[in-house]
Amino acid sequence: MPARTPGILTLEPSGSWRSWAGGRRRRESGFSVKTVELFFLDSCCVRSAMEHAQEHEACPEQTQRYCVERPIYNQELLQGQLHRRQRTPQTLKQKIAHSCRCTSKKAKSHLYSFLPILKWLPRYPVKEYLLGDIISGVSTGVMQLPQGLAYALLAAVPPVFGLYSSFYPVFLYTFFGTSKHISIGTFAVVSMMVGGVAVREVPDEMISLDFNSTNVTDARDARRVQVAVTLAFLSGIIQLCLGFLRFGFVAIYLTEPLVRGFTTAAAVHVFTSQLKYFLGIKTSRYSGPLSVVYSIAAVLSNITMTNIAALIVGSTCIVLLLIGKEINDRFKKKLPVPIPMEIIVVIIGTGVSAGMNLNKSYKVDVVGNIPQGLRAPAVPEIQLIPAIFVDALAIAIVGFSMAVSMAKIFALKHGYTIDGNQELIALGICNSVGSFFQTFSVTCSMSRSLVQESTGGRTQIAGALSSVMVLLVLVAVGYLFEPLPQTVLAAIVMVNLKGMFKQFGDVTHFWRTSKIELAIWVVAFVASLFLGLDYGLLTAVTFAMITVIYRTQSPQYRILGQIPDTDIYCDVEEYEEVKEYPGIKIFQANTSLYFANSESYASALKKKTGVDPCAILAARRKAQKRHAREIKAANEHRKKAVLKLTNDVEASVKHEIANDDLPVNGKFADSAVQDVSPDEHEHFVETKTNIRSLILDFTPVNFVDSVGAKTLKSIIKEYKEVGVCVCIACCSGPVMNELTRLNFFDKAVTRELLFHSIHDAVLACQVKDGSAFTD
């Protein structure tokens, strides 16, 4: 074997894990330090130790080993050898002055951050990207038209406002968005939330005018449009404020199981709301808690009034759409672009409706008047804000989470980054500015985004081209879609929910992987289904927070042991090879230490180690009291015996009494003192001889609050009273700083109890106990 030189990489032909104990000791920082050399060998072939031994001759390459020789470090010794960097803290005035300082470079950076188009458009490779963006933009625009018309019904506004919402926000996102592939515009879940607020604020019963039904409908729709527009304005302002305040992280609280359960419930709401259009039934629209139950009951109560023509047209459209989607899925690698079945169905439905005059001949509801051109800008009704603020907040967060989740997926796939805060700002501008042009709240559409990416879209130019297609329809050919039956739009919405309904499969997935995530999914689904999307989202987020608290209050507790001949420590209950050191217990809890779990941490520590200082001290005090009582009884007995002896003058009688009742030289008292129960003796002996040191592994601990620090100090003092030394290993720098700020360290609890690693703590405990570390 070659010579082992500390700090020098040496090569040896064999691969194994070994350790050598150095034989020299020296005094450093007031305690004995033992220098240990550790040699770790990494096999050149990935295999188990047994396989490596069997196949050693088949592996001619030399394996690597490294040697480390250093003292046993505790925090006191380590901090004494390190020198902190000198940092001059800035005053509040200096921080404000620095943040307000404006340079050309800083101004340019902020401008590029606020308007990302200035950064990527000058570098746009026309020859490489333009053709793909054009094909993608046309394909997405073809989907944008029917979905805009259909989702307007979900938002409880006339269909033309869906086209407005498919133009202005999409065009604005080109300038302010950072994602190259998502398609902004109308989305079923957000449209459903908007429609619920509009129906709640302007129910069908509110409009009771002495006009014909057409005027009543027009007045109701105008009021609902104002609610939807104001809701878009307020949700956009909220998103802008969150973006400027760098609150892009709020989306992390909408965990994936929560979002999937919420959107599945939203799909049920959307499907239920479209049944009356699909069947051609006249029913009221409901919102709030149990709205889905009321909607189903209303449809079932009027099922006999189903319009057969509308049902046939809608069913035919559903069949055609499902066939088209199946073809697109099966042959997506062979098709240059997906078959635009939605626009085909819209064109066929419009032609059939116009040719057969379905509206007058068969009473089939159609889209109706689509004004040509764009509307003049108008200010939203600010007085509605107090009534819809909570709903706007929910829509702002849900819309942002949808957009960011899709944007992150595409960014990861194509190797670029997005800015979550800038996405908030971009969505805020799309919603708030668009509201002046009568748009309702928008976000990213999953189906259109997938089409935009799969058809070759490379930049935001594709989204801009899709918005131009919508503009052409609004300006030139919008009137052609007036005969379009509403049952066709309902069919388009229902088929687009197919992907969301597949999320019911999440139940089996989460059942196998995580019961807590399954609970989040179920609560989000049930609460959103029966309480409504707004209250359901609030309930789901609250429950998700509770699960986090539950996990920190119910962590996993482990006793660790050493993998032989290494400095690696694992759960003794999980691996057979892991062994515990005699007299040393290593305790680990995979959680931080704070007010909510401090008590459970201390209880688990006592249970896992088998040493309860309080019980030991109580038993000791009880034994001491019993001992004192026995001594007192013995003394009283002695006094009585002496009194009896003084009255008896015969020496023989005195000798008999002394032998029978009064042990010589105080032996009577000693025997009374020794009359202690065997269980107590065994308990005292076990704690004194078997466990002398306790090491707390703080590797999973991220923070400690004042209650946790007090609990930790109490643990150290209690175990010290019963002769058990408590050490802390792997305490991170931030946790160390928190303990310092909380005045954790004093004369009784010093930094010498904190060690850089578990192995340092184990060796220090062995040195303290007077035992040498051997191989």
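The rules behind these values
- Residues numbered from 1 in each chain as written.
- Predicted model: local features only at pLDDT ≥ 70, side-chain atom pairs only at ≥ 80, totals over all residues.
- Heavy atoms only, no water.
- Buried < 20%, exposed > 50% of the residue type's maximum accessible area, 1.4 Å probe, protein only.
- Helix = DSSP H or I, 4+ residues; strand = E, 2+ residues; numbered from the N terminus.
- Pairing = 2+ DSSP bridges.
- Axes fitted to C-alpha atoms, helices over the stretch in contact; angles between N-to-C directions.
- Parallel < 35°, antiparallel > 145°, perpendicular 65-115°, else oblique.
- Left-handed = near helix turned anticlockwise from the far one by under 90°.
- Contact = heavy atoms within 4.5 Å.
- Nonpolar A, V, L, I, M, F, W, Y, C, P; charged D, E, K, R; others polar.
- Core = buried A, V, L, I, M, F, W, Y, C linked by side-chain atoms within 4.5 Å.
- Right-handed = clockwise from strand over helix to strand, strands pointing away.
- Phe/Tyr/Trp six-rings, centres within 6.5 Å; stacked < 30°, edge-to-face > 60°.
- Lys NZ or Arg CZ within 6 Å of the ring centre and 35° of its normal.
- 1 Å grid on protein atoms, 1.4 Å probe; cavity = no way out; pocket = protein on both sides within 12 Å on 5 of 7 lines; lining within 4 Å.
- Points joined across faces, edges and corners; volume = space filled by probe spheres on them.
- Expected span 1.5 Å × (residues − 1).
- Patch = residues over 30% accessible without salt bridge, like charges linked within 9 Å, V, L, I, M, F, W, Y side chains within 5 Å.
- Areas by Shrake-Rupley, 256 points an atom, 1.4 Å probe, with all protein chains shown as cover.
- Salt bridge = Lys/Arg side-chain N within 4 Å of Asp/Glu carboxyl O.
- Arc of directions from axis to C-beta.

### Considering the pairing of strand E9 (residues 584-589)
- Across the six residues of E9, six count as buried, placing the element largely inside the fold.
- Side chains of E9 alternate between two faces, with Ile584, Ile586 and Gln588 and Lys585, Phe587 and Ala589 buried alike.
- For strand E7 (residues 557-562) and E9, the ladder comprises four bridges, and the chain directions are antiparallel. Bridge pairing in E9 links Arg558 to Gln588.
- Two strands pair when backbone bridges link them, and E9 and strand E10 (residues 693-697) are joined in this way by five bridges, in the parallel orientation. For Lys585, the partnering residue across the bridge sits in E10 and is Leu694.

### Description of the packing of helix H11 (residues 256-279) against helix H12 (residues 291-301)
- It is the contact of H11 with H12, at a shortest axis distance of 10 Å, that shows an interaxial angle of 20°. Taken together, the axis directions place H11 and H12 in an arrangement best described as roughly parallel. Here H11 runs over H12; the crossing is left-handed. Note on element contacts: H12 touches H11 through Ser291, Val292, Ser295, Ile296 and Val299, opposite Val268, His269, Thr272, Leu275, Lys276 and Leu279.
- Classifying every residue of the contact of H11 with H12 gives six nonpolar, four polar and one charged.

### Focus on the nonpolar core
- With 117 residues, the main nonpolar core has Val157, Ile182, Met193, Val194, Leu258 and Leu489 as its most contacted residues.
- The element that contributes the greatest number of residues to this core is helix H16 (residues 385-414), accounting for 15 residues.
- If sequence neighbours within four positions are ignored, Val194 has contacts with Ala155, Ala228, Leu231, Ile395, Phe440 and Ser441.
- Among the nonpolar cores identified, the runner-up in size contains 54 residues, and Leu560, Val704, Val735 and Leu753 belong to it.

### Brief notes about the pairing of strand E11 (residues 725-729)
- Among the five residues in E11, five count as buried, and that is most of the element.
- On E11, burial covers both faces: Cys725, Cys727 and Ala729 on one face and Val726 and Ile728 on the other are all buried.
- Relative to E11, E10 runs parallel, the two being bridged by five bridges. Bridging across to E11, Leu694 finds its partner in Val726.
- Taken together, E10, helix H30 (residues 706-721) and E11 form a β-α-β motif whose crossover is right-handed.
- In this sheet, strand E12 (residues 754-755) lies alongside E11 in parallel orientation, the contact comprising two bridges. Among the inter-strand pairings, Ala729 is bridged to a residue of E12, identified as Phe755.

### Quick word on the packing of aromatic side chains
- Under the defined criterion, the tally for this structure stands at 20 aromatic pairs.
- When the centroid spacing of 5.5 Å and the interplanar angle of 75° are considered together, the rings of Phe504 and Phe525 count as edge-to-face. Taken together, the positions of Phe504 in the loop between helix H21 (498-501) and helix H22 (506-513) and Phe525 in helix H23 (residues 515-531) put the pair 21 residues apart, joining distant regions of the chain.
- We classify Phe504 as partly exposed; its relative accessible area is 35%.
- Pairwise contacts between aromatic rings join Phe167, Tyr168, Phe171, Phe175 and Phe437 into one cluster.
- Taking NZ or CZ as reference, Lys180 lies 4.9 Å from the ring centre of Tyr416, over its face.
- Stacked on the ring of Trp511, the Lys or Arg Lys515 has its end atom at 4.7 Å from the ring centre.

### A look at empty space enclosed by the protein
- Following the criterion strictly, the structure yields two cavities of 30 Å³ or more and no others.
- There is about 70 Å³ of room inside the largest cavity.
- Around the largest cavity, the lining comprises 13 residues; the ones closest to its centre are Tyr173, Ile182, Gln452, Gln460 and Gly463.
- Those elements giving two or more residues to the lining of the largest cavity turn out to be helix H8 (168-176), strand E5 (183-185) and helix H19 (461-477).
- With three residues, the top contributor of residues to the lining of the largest cavity is H8.
- Residue composition of the lining of the largest cavity, grouped by class: five nonpolar, seven polar and one charged.
- One number sums up the size of the second largest cavity: a volume of about 30 Å³.
- Lining the second largest cavity, in full, are Leu254, Leu258, Val259, Phe262, Val398, Ser401, Met402 and Leu537.
- The residue inventory of the lining of the second largest cavity, partitioned by class, reads seven nonpolar, one polar and no charged.

### Some points on H23
- Under the 1.5 Å per step criterion, the end-to-end length of H23 is 23 Å for 17 residues, consistent within 8% with the ideal 24 Å.
- Every buried residue belonging to H23 is among Leu518, Ile520, Trp521, Ala524, Phe525, Ala527, Ser528 and Leu529, and all of these are buried.
- In this fold, the buried residues of H23 make contact with H11, H12, H22 and helix H24 (533-553).
- Positive backbone phi, approximately 100°, marks Gly532, located one or two places after H23.

### Remarks on unusual backbone geometry
- Not every positive phi belongs to a glycine, and Lys363 is a case in point at roughly 60°.
- Mapped onto the elements of the fold, Lys363 is located in the loop between helix H15 (358-361) and H16.
- Positive phi values are uncommon outside glycine, yet Asp565 reaches one of about 65°.
- As for its position among the elements, Asp565 is in the loop between E7 and strand E8 (569-571).
- Judged by its relative accessible area of 28%, Asp565 is partly exposed.

### Re a nonpolar patch on the surface
- Together, Val319, Leu320, Ile323, Ile327, Phe331, Ile339, Ile344, Ile348, Val352, Met356 and Tyr362 give the surface a local cluster of nonpolar side chains, amounting to about 870 Å² of exposed area.
- Along the chain, the position of Phe331 falls in the loop between helix H13 (308-330) and helix H14 (341-356).
- Residue classification places Phe331 among the partly exposed residues on the basis of a relative accessible area of 38%.

### A few points about the pattern of salt bridges
- Per the stated rule, a full pass over the model turns up 13 salt bridges.
- A salt bridge links Arg200 to Glu201, with the shortest nitrogen-to-oxygen separation between them at 3.0 Å.
- Linking Arg558 and Asp571 is a salt bridge whose minimum nitrogen-to-oxygen distance equals 4.0 Å. Note that Arg558 is positioned in strand E7 and Asp571 in strand E8, a separation of 13 residues in sequence.
- A relative accessible area of 12% places Asp571 in the buried class.
- In this structure, a network of salt bridges that share partners links the residues Arg200, Glu201 and Asp391.

### Considering helix H31 (residues 733-741)
- Along H31, the positions that sit buried rather than exposed are Val735, Met736, Glu738 and Leu739. End-on view of H31: buried residues confined to an arc of 160°, all on one side of the axis. Summarising the geometry of H31, the exposed residues directed more than 90 degrees from the buried face are Pro734 and Arg741.
- Buried residues along H31 sit against helix H2 (75-81), H30 and E12.
- Asn743 occupies a position one or two residues after H31 and carries a positive phi of about 55°.

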